[in-house]
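# Tertiary structure, described
These are the residues of each chain, in order.
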Amino acid sequence: MRRPMIAGNWKMNKTPAETKALIEDLKAIENRSGAEVVVCPMTVSLFAAAEALKGSEIKLGAQNVHFADKGAYTGECNAASLKELGVEYVIIGHSERRQYFGETDLTVNQRTLKALEAGLKPIVCVGESLEQKQQGITNEIVCLQTKVALLGVTAEQLKDLVIAYEPVWAIGTGLTATPEDANNTIRAIRGAVEEVFGAEAAQSLRILYGGSMNDKNAHDLMAQSDVDGGLIGGASLVAEKFAGVINFN
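Model, not experiment: these values are computed from the prediction. (Residues numbered from 1 in each chain as written. Predicted model: local features only at pLDDT ≥ 70, side-chain atom pairs only at ≥ 80, totals over all residues. Heavy atoms only, no water.)

### As for the overall build of the protein chain
Rule in force here: By definition, any uninterrupted DSSP run of H or I lasting at least four residues is a helix, any uninterrupted run of E lasting at least two residues is a strand, and each is numbered from the N terminus. It is over C-alpha atoms that the radius of gyration is taken, and the globule rule equals 2.2 Å times the number of residues to the power 0.38. Exposed residues in this analysis have more than 50% of their type's maximum accessible area, buried residues have under 20%, and partly exposed residues fall in between, with area computed by a 1.4 Å probe over protein chains only. We call two residues contacting when some pair of their heavy atoms lies within 4.5 Å. Reported accessibility uses the Shrake-Rupley method at a 1.4 Å probe radius. Residues are deemed covered only where the shown protein chains occlude them. Think of it this way: Lys and Arg go in the positive column, Asp and Glu in the negative one, and His and the chain ends go nowhere. Where a charge lies is defined by one atom per residue type, namely NZ (Lys), CZ (Arg), CG (Asp) and CD (Glu).
Helix and strand content of the protein chain: 12 helices and 8 strands. Relative to the globule expectation of 18 Å for 249 residues, the C-alpha radius of gyration of the protein chain, 17 Å, shows essentially globular dimensions. For the protein chain, the proportion of its 249 residues judged to be buried stands at 52%. Within the protein chain, counting contacts between residues at least 6 apart in sequence, those at least 24 apart form 72% of the total. Put simply, the protein chain shows about 11300 Å² of open surface, and 52% of that area lies on carbon and sulfur atoms. Each charge class in the protein chain can be summarised by its mean position, and for the 24 positive and 31 negative side chains these summaries are 3 Å apart.

### Observations regarding the environment of V124
Considering the arrangement of structural elements, one finds V124 in strand β5 (residues 121-126). Accessibility expressed as a relative area gives 1% for V124, which makes it buried. Through-space distance from the C-alpha of V124 to that of L208 is 9.8 Å; in sequence the pair is 84 residues apart.

### Things to note about the pairing of strand β7 (residues 206-209)
Note the following rule: For two strands to be treated as a pair, DSSP must find at least two bridges joining them.
Burial along β7 is two-sided: R206 and L208 facing one way and I207 and Y209 facing the other are all buried. As paired strands, strand β6 (residues 162-165) and β7 are joined by 4 bridges and run parallel to one another. Counterpart to V162 in the pairing with β7 is R206.

### Some points on helix α12 (residues 239-246)
The following threshold applies: To obtain the arc, one takes the directions from the helix axis to the C-beta atoms.
Within the span of α12, buried status applies to A239, F242, A243, V245 and I246. An end-on view of α12 places all buried positions within 160° of arc, on one side of the element. Elements that come into contact with the buried residues of α12 comprise β1 (5-9), α1 (16-27), β2 (36-40), α11 (218-222) and β8 (229-232).

### A short note on the pattern of salt bridges
The line we're drawing: One side-chain nitrogen of Lys or Arg within 4 Å of one carboxyl oxygen of Asp or Glu is enough to make a salt bridge.
Taken as a whole and judged by the stated rule, the model has 21 salt bridges. Close ionic contact of K27 with E24 constitutes a salt bridge, the shortest N to O distance being 3.4 Å. Here E24 and K27 lie together in helix α1, a separation of 3 residues that amounts to about one turn. Of the charged contacts, one joins E88 and K59 as a salt bridge, the two residues approaching to 3.8 Å between their closest N and O atoms. Residue E88 is located in the loop between α3 (79-85) and β4 (89-92), and its partner K59 is located in strand β3 (residues 59-62); the two are separated by 29 residues in the primary sequence.

### Quick look at the packing of aromatic side chains
Going by this rule: Only Phe, Tyr and Trp rings take part, Trp by its six-membered ring, and two of them pair if their centres are within 6.5 Å. Stacked means planes under 30 degrees apart, edge-to-face means over 60, and tilted covers everything else.
The tally for this structure, following the rule as stated, stands at 2 aromatic pairs. On the numbers, 6.4 Å between centres and 80° between planes, the contact of Y100 with F101 is edge-to-face. An identical accessibility class is assigned to Y100 and F101; each is exposed. Seen from their ring centres, Y165 and Y209 are 6.0 Å apart, and the 55° between their planes marks the pair as tilted. Of the two residues, Y165 is situated in strand β6 and Y209 in strand β7; the sequence distance between them amounts to 44 residues. For the residue pair Y165 and Y209, the accessibility class agrees, reading buried in each case.

### Examining the environment of D160
Mapped onto the fold, D160 is located in the loop between α8 (155-158) and β6. In this structure D160 comes out as partly exposed when scored by relative accessible area, which is 38%. D160 sits 45 residues away from L205 along the chain, and the two C-alpha atoms are 8.7 Å apart. Leaving out residues up to four positions away in the same chain, D160 has contacts with L116, K121 and P122.

The values are spatial; any link to function lies outside them.
Written as structure tokens, this is what we have:
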């Protein structure tokens, strides 16, 4: 039985003070679904978030991690620093990182391996563009991205890893894949994992949907057999809306 996960990607929003205030609101939410809840603020707000989350069951995530332990990588953050702050999860390969900052399948793999080595739990993002969707090659794209991201990952490490399917064409646009389409793509991703790691590992792996899931559509998406949760953008920035996603059932 895969435990649902609802992870909030706050992107470049919320100052440290605003982060603390939102977390206090989230801590007051009754989690009736039993989902694992994760919040991923900006790097500059991680310390404030870690302090605010003390004594809470909500987990802390970061939005990126570098594949080097240290060095001349201005603007990046290493895994050891995230661990020291109390970060448990880290988003890797988000489409905005790929689109705006030159992230590639190779660097996604490098960051994934470094995160696992450091004891962080990666939330690895895969997804197709609108052009690729229109060409009918969604499954080929996401399965290739998945297999490259998992190169060098062991079956034991896979237990600490989460995949998020986030169709690029749906992020920030208000467009959402139908629940059935989201489920079919996630099932294809699970099939790609099965090819490498076997059926048992693939069935244990949590795969989230990350294309504009919100408090209005979460129930229908979460009712699908292979959708194990959501990587939530805009809806995670307002406590009441995030509560509606967390309590999707």
